[in-house]
Structure formats: C-alpha cells, structure tokens
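Observations on the three-dimensional arrangement
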Amino acid sequence: MSLSSAHQRSAKGQADSTEQALPGDAPEEAVAEPAPEASGRGADEPGPEAEPDAETPGPEAEPDAETPGPEAEPDAETPGPEAEPDLSDEPDAERAREEDPAEVVPADPAEPAPAAKNAVARWRERHPGITRALSWSLTVLAAVLVLFAFLMPDRLSQLTASRFVRVPAEPILLAALLLVLPPRPRRVVAVLSGVLLALLVLLNCVDMGFYQTLQRPFYLLFDWSLFADGLSFLKDSAGGTTAYGALAGALLAVLALLVLMPLAIVRLSKLMARHPSVARRSTLVAGVVWMTCATLGIQVSGLSVAAKVAGQRVRGQVATVQQGLADRKVFAKEVADDRFAKVPSEQLLSGLRGKDVIFTFIESYGRGAVEDPAMAPGVDAVLRDGTRQLADAGFSARSGWLTSPVTGGGSWLAHTTFLSGLWVPDQQRYRYVSSSDRMTLTSAFKRTGDFRTVGMMPGVTRAWPESKFFGLDHVHDSRTMGYQGPRFGWSRMPDQYTLSAFERLEHGKASNQPMMSEIILTSSHTPWAPVPRTIGWDEVGDGSVYDAIEKEGKNREDVWKDAALVRQEYAKSIQYSLTSLIDFVTKYGDENTVLVFLGDHQPVSTVVGTDASRDVPIAIVAHDPKVLDQVSGWGWSDGLQPEHGAPVWRMDTFRDRFLTAFSSPQP
C-alpha cells in the first residue's frame, strides 16, 4: 500500500465521520457499528435510509476486491464489523453531533458522486433545512400519535383535553424494554407493540360508537355480527352508495392505523437507540414523575395524572371475555328453569280463550317520549286523546313501565326478553335461547291449540328461522305485504300500512278460530326522517299514495344537523305510531279484542341523553272488563299514559306475570 493511497483513505474516513443522519431517519447501528475505514464511501453516496446502488455494498453485501473482508485484520484505530466502538475515544466531531442530533454536516463537494444517485437522497442534500424540519416534525407526530393512543378513552363524552395532560405508565415501561433489547429484537418488539396499540385504538373507536348508540361497550365474544347489521341499517336509511363508501373509508382508516402506529414506535425506538444516554435519563425521569404523581394522588379535572388507561382497557376486555364464557353455563340453567313448561294446555291462558290478542311493539317508544319536556307535550296529548277515543268505542286501558335490557337499539333483544321471560341483553344469550325449546309468550298461545298465531314483521327482509322459536304459524314480512310505496328512512313501510295489511291479510278475514298476533311498528325507527302522516284507511291501498307524502317529509341530513330538530322529529314519529294504532283499534276492534302494546327501548342518546333510564311504557287495552279485572292487582295507571310513579318491572318478568294472571289454576 503506497503512502499517498493511505492518505486518501484517511481523508475519506474523516469525511465519513462528519456525516450525520436526521432524527428517526438513520439506521440504529449508525453509531454503534461504524463502517470499516477501508470501505471508501464517498460523501455523495445515498444517505442511511436510501437504497444501496449497484456499486455500493450494503451491510450484508460481499466486499469488493479493495475492501477488507470479514476475516481481514482491522486497523488498530478502526473497529471491525463485529467490534463495539469505544464511545470515550470518539473524535470531537462525533461528540458534537451526539450533543446536537439535528445538525447536518454538508457533504464535501469535491467528493465524486456515484454513477446512480438516489433522487430522495439528492433532494435531501440540496435542502438540508427543509429535511431537518420534516424529520423533526415526523418524530413529534409519531410521539403525539403514540401518546394519544395510550391515553385515548372509549367514550366520546370523555374525549376532553384534560385526559391528555397525564403521564401514562405503559409507554414508560415500553421505552425501558426497548432500551435493553438488542437491535433485531428491539425492532420486532416495536412493530408488535405498534400493531397491538393500533388494535386497542380501533377497539376504543368501536366502543365509542356502541356507547353512543347502545350505551354499552362492544363485546369481543359475540358482537361481530352487529357490524353486518349496522351496514344493513346504513344501506336502508342512507342508500347503498353511502353505506359502501363509509365501509371503504372505515377499512382504509383501519389499514392506515395498522401501518402508521408500528412505524411511529419504530421511529421513536431508532431515536432512542441513537441517543441511549438521553433516552435512559428521559425514561428514568418520566418513571419518577409517574411514581410521584401516583403516590401523592395528584389529579387534573378529577383524573389521576398517573394514568394506566391502556392497561385497564386490556384488563377490562379480558374480564368481559371471562364473564361471557362463564355466563353460558349460568344462562343455560335459567333457560331450563321454566315453571310454566309443565302447565297443562287446557289451563294455560284460559282467561283469554275466545279473544283476539294483539302484542304490538312500537320502535324506540321510551319513557323520554312521555316525560321529557322537549317531547312529552305532543305525545301525552295523543295518549290522552287516545284514551278518550277508546273509551267512546267501549275500550278501557291500564298502563305501567317496563325496564328494557337495551337502549338505543337491539330491538330483537328486547322482544326476546319480553316474550321469553329471560333477560337477553346480548347476542350470546339471544342465539342460545332462540335455538332452545323455551316457551315464549307467543308460543304459549299456540300450545293451547285454540289460537292461530301470526306475525307482522315489516322490518324482516329475508328468511327468519327464529319464527319457529316464537311459535308463529305464519309470518308476513316486507316481501309479502304487497307494499308498493316509498321507504321512510329505515322503515320499509308506514305503520298505518302495516296495520292495514294486517286487517286485509289476517284480522279482517272470517274465521272461527281466535288469533294471537305479534306486530312490529317501525315508523319510529331512527333516523326519523321523513315521517309519514295518517290518512284515511280507505286511501291506504297498496301504499303508492305515500309517494307524495314521502316527498313532503324532511330530509335526513337536514334533520340530523340539529339535535333539537332530531328530538322534534322523533316525537312526531311516536305520535304517528300511537295514532295509527289507536285508530286501528277503534275502527277494526270488537268486543273480543285485547291489545298489549309497549316500547322496545329508549331512543339513542342524541334524543334522551346518556343518563336516561331504560324504562318503556306498556299498556293493556280491552273491551271486555273481565280482562282488566284479572290484572287489577298490578297497580297500573288508568288510561294509556302511565303515571310517573306507576310500577316499574324488569321486562323479563312480564311473561310470568301475564301467564299467571290469565291461566287457571295459577301455577
């Protein structure tokens, strides 16, 4: 080796030592594993993150003829590929760069450029100031994203600034772990931590939606089918284009989060690896601050500064899953325990023989509609006028309250609770009981052998195998009712049409057999726009008359811009449903008519708030006074409007009370 060539390589080595990567952009080994002195990398070669060109060997490439191989003896002052650098012997320029990681030393313009230059690297070298600003910005954004994820609540109402001025424990522990791991395990842990944190953020977002509509969290074990139901609801209420556009946007957001969160943690881990002493000191300080705040109980806006949000969320989900698994055995025993299962059929419902009994659910008809000052005046007026109208036709009524297992949605769970006499607040219980032989209130009528059982289900759009469990001989759904009119929001047909179809297809036909019917009225289903209006019963026809009425109604997008307008339109929909049902009874009812109608659940929190009860009104209407005499001991209010202090029962207790009142002898 000539003396001149040795001096040239030494000059190149010094030029290499002055190059410094930006925060978060250089490989983790940039300080810990410097390149051999004899590598001869020019100042114009691509930066640490650029792809190596064909003439520049990467860390794993085979050395060329002029580059010492792994087996060559390194110079005394140059550590080999496997050697750990002695940080105490670094040149002054290296120490200066460690103290100022943002400093970028421009390359020597006299150094020859490689044949193929990475365009990104060339741009960065031409704009060092912009590059430095972008790099710092990305690092700050990565830190903000990670801290937000660790402190994110699971309810929209809790998404306040005070929740994000706290010190979370989990990122401190994660930083400590990353600092002690070697490079390769560190990258693996960083990526896995990012994926898990992204999944936690997604779960929090889903919980926000569930709390906003159903006032409960998402259950990992059995709520997955509700996503399909949600998409179906969106298609029915807003159209297929909007629904699938929202689905595509949601999927893109999920994918972006699953990519960005791991990248953010990897970026921060690289920064800690390049500056381990600073990272260790920062982690230690953060840990001391957390311990101090936890010990002293320091709070901000009622929240502990020492936070453990992510850990608590994970523990909560684990506990929920364990409870769900344990509940299967508990519920199986409840399903099997039925004191009416062995009651002889001739004694069952003997007090209603010869009557036409109608069970009617009014969608989202809750206590708020009757008592909330913003909605009650119009609804209460309909109930008072309806009571007088029914009395003029010879009917009497009693009313009370039931507590629904759900709120904001999940009508089928409320229906099942009411009819089965079991508390059914979730999909797991619904699937179990609907596949059992548990006797429901409706199947009890079928079991007597004296009643034809019929269902009017305007919201059902496909085969419904659960009808067998509910004991219905025949079900009329949206496909078989003959409706030729427009949709009204989610509802496929107005309630007055559903009742008109019931009269035409079942109730109005001559028959020697009494009938038990279950009718679902859906016009009061969210989004409450447009709301139909009542018309003459002889005008209903095939429903085409509703084309003009639908055009008169309000637009859903306009209504949902204002919460007060949402409540107003909700109240109108309840008034419409009640008016249609009362008019039907007074027009088509007779001395054998017995009507039981109730709400299934309260509306969404936009209407009643987050602290509303789950109570719904229920009323029994009958022409024969003997029917109401059998429930005189219930303590219900006279008329269709229950008093504020009327008895409140859990919805699952109604079946047994009803069967007890109308069966003889009582079991």
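Thresholds, definitions, all that
Along each chain, the written sequence defines residue order, and numbers are assigned to residues from 1. In view of the model being predicted, local features appear only for residues whose pLDDT reaches at least 70, and side-chain atom pairs are presented and counted only at 80 or more, with totals across whole chains, interfaces and linings using the full set of residues. Only heavy atoms go into the side-chain values, all of them from the structure, while hydrogens and water stay out. Only DSSP runs of H or I covering at least 4 residues are called helices, and only runs of E covering at least 2 are called strands; the numbering of each starts at the N terminus. Every helix has an expected span of 1.5 Å times one less than the residues it contains. Each residue is placed in one exposure class: buried if its accessible area under a 1.4 Å probe, protein chains only, is under 20% of its type's maximum, exposed if it is over 50%, and partly exposed if it falls in between. Arc definition: directions from the helix axis to the C-beta atoms. Residue contacts are defined here by distance: any two heavy atoms, one from each residue, within 4.5 Å place the two residues in contact. Any residue with relative accessible area above 30% and no salt bridge may belong to a patch, with like charges joined within 9 Å and the nonpolar Val, Leu, Ile, Met, Phe, Trp and Tyr side chains within 5 Å. Using a 1.4 Å probe, accessible areas were evaluated by the Shrake-Rupley method; residue-level cover was limited to the displayed protein chains. When a carboxyl oxygen of Asp or Glu is within 4 Å of a side-chain nitrogen of Lys or Arg, the pair counts as a salt bridge. As used in this structure description, the phrase polar contact means that two N or O atoms lie within 3.5 Å; if the pair is within protein, one of them must be able to donate a hydrogen and the other to accept it, and residues adjacent in sequence are counted only when both atoms belong to side chains. In this analysis, axes come from line fits to C-alpha atoms, helices being fitted only over the stretch in contact, and the angle between any two N-to-C directions falls in the range 0 to 180 degrees. Geometric relationships in this document are graded by angle, where less than 35 degrees denotes roughly parallel, more than 145 denotes roughly antiparallel, 65 to 115 denotes roughly perpendicular, and other angles denote oblique. Two helices crossing with the near one rotated counterclockwise from the far one by less than a right angle form a left-handed crossing, whereas a clockwise rotation gives a right-handed crossing. Under the convention adopted here, Pro, Cys and the residues Ala, Val, Leu, Ile, Met, Phe, Trp and Tyr are nonpolar, Asp, Glu, Lys and Arg are charged, and Gly plus all remaining residues are polar. A pair of aromatic rings is counted whenever rings of Phe, Tyr or Trp (Trp by its six-membered ring) have centres within 6.5 Å, and the orientation is called stacked for planes under 30 degrees apart, edge-to-face for over 60 and tilted otherwise. Placement of a charge over a ring requires the Lys NZ or Arg CZ to be within 6 Å of the ring centre, with the centre-to-atom vector within 35 degrees of the ring normal. A pair of strands is labelled paired if DSSP reports no fewer than 2 bridges between them.

Things to note about helix H13 (residues 376–392)
Each turn of an α-helix holds 3.6 residues, which means side chains three or four residues apart point in the same direction. With 17 residues, H13 should reach 24 Å at 1.5 Å per residue; the first-to-last C-alpha distance of 24 Å fits that figure. Three or more residues of H13 are buried, namely Ala376, Val379, Asp380, Val382, Leu383, Gly386 and Leu390. The buried residues of H13 occupy an angular sector of 155 degrees when the element is viewed end-on, so they sit on one face. Turned more than 90 degrees off the buried face of H13, the exposed positions are Pro377 and Asp392. Residues of H13 that are buried in the fold lie against helix H12 (367–371), helix H20 (563–588) and strand S11 (615–622). Backbone geometry just after H13 places Gly394 at a positive phi near 95 degrees.

Comments concerning a nonpolar patch on the surface
On the surface, a nonpolar cluster with roughly 370 Å² of combined accessible area is contributed by Leu255, Val259, Leu260 and Leu263. By the element assignment, Leu263 lies in helix H9 (residues 240–274).

A few points about the pattern of salt bridges
Summed over the entire model, instances satisfying the criterion amount to 23 salt bridges. Asp477 serves as the salt-bridge partner of Arg479, at 2.7 Å between the closest nitrogen and oxygen. Overall, the relative accessible area of 5% leaves Asp477 in the buried class. Through salt bridges with shared partners, a single ionic network connects Asp338, Arg339, Arg655 and Asp656.

Quick word on the environment of Glu363
Relative to the helices and strands, Glu363 resides in the loop between strand S5 (356–362) and H12. Given a relative accessible area of 6%, Glu363 falls into the buried group. Excluding its chain neighbours within four sequence positions, the residues that come into contact with Glu363 are Ser411, Leu521, Thr522, Ser524, His525, Ile574, Asp600 and His601. Of the polar contacts made by the side chain of Glu363, one reaches the side chain of Ser364; its length is 2.9 Å.

Some words on the packing of helix H6 (residues 169–180) against helix H10 (residues 276–296)
In the contact formed by H6 and H10, the axes pass within 10 Å of each other and the chain directions differ by 150 degrees. By the angle class used here, H6 and H10 are roughly antiparallel. By crossing handedness, the relation of H6 to H10 is classed as left-handed. Facing Ala169, Ile172, Ala175, Ala176 and Leu179 of H6, the residues of H10 in contact are Pro276, Ala279, Arg280, Thr283, Ala286, Gly287 and Trp290. Of the residues contributing to the contact of H6 with H10, the split by class is nine nonpolar, two polar and one charged.

Points about the packing of aromatic side chains
Per the stated rule, a full pass over the model turns up 30 aromatic pairs. Judged by centre distance (5.0 Å) and plane angle (90 degrees), the rings of Phe445 and Phe451 are edge-to-face. For Phe445, a relative accessible area of 0% gives the class buried. Geometrically, the ring pair formed by Trp634 and Trp636 is tilted, given 5.0 Å between the ring centres and 55 degrees between the ring planes. The pair formed by Trp634 and Trp636 is uniform in burial state, with each residue classed as buried. When the ring centre of Tyr211 is taken as reference, the NZ or CZ atom of Arg155 above it lies at 3.9 Å. Seen from the ring of Trp649, Arg657 lies directly overhead, with NZ or CZ sitting 3.9 Å from the centre.

Structural notes on the pairing of strand S7 (residues 452–457)
The buried fraction of S7 is high, at five of six residues. The pairing of S7 with strand S9 (residues 515–521) spans five bridges and is parallel. By the bridge assignment, Gly455 is partnered in S9 with Glu518. Across four bridges, the pairing between S7 and strand S8 (residues 474–477) is parallel. The partner of Met457 across the bridge, within S8, is Asp477.

With respect to the pairing of strand S10 (residues 593–599)
Burial analysis of S10 places seven of its seven residues in the buried class, the great majority of the element. Residues Thr593, Leu595, Phe597 and Gly599 point to one face of S10 and Val594, Val596 and Leu598 to the other, with burial holding for every one of them.

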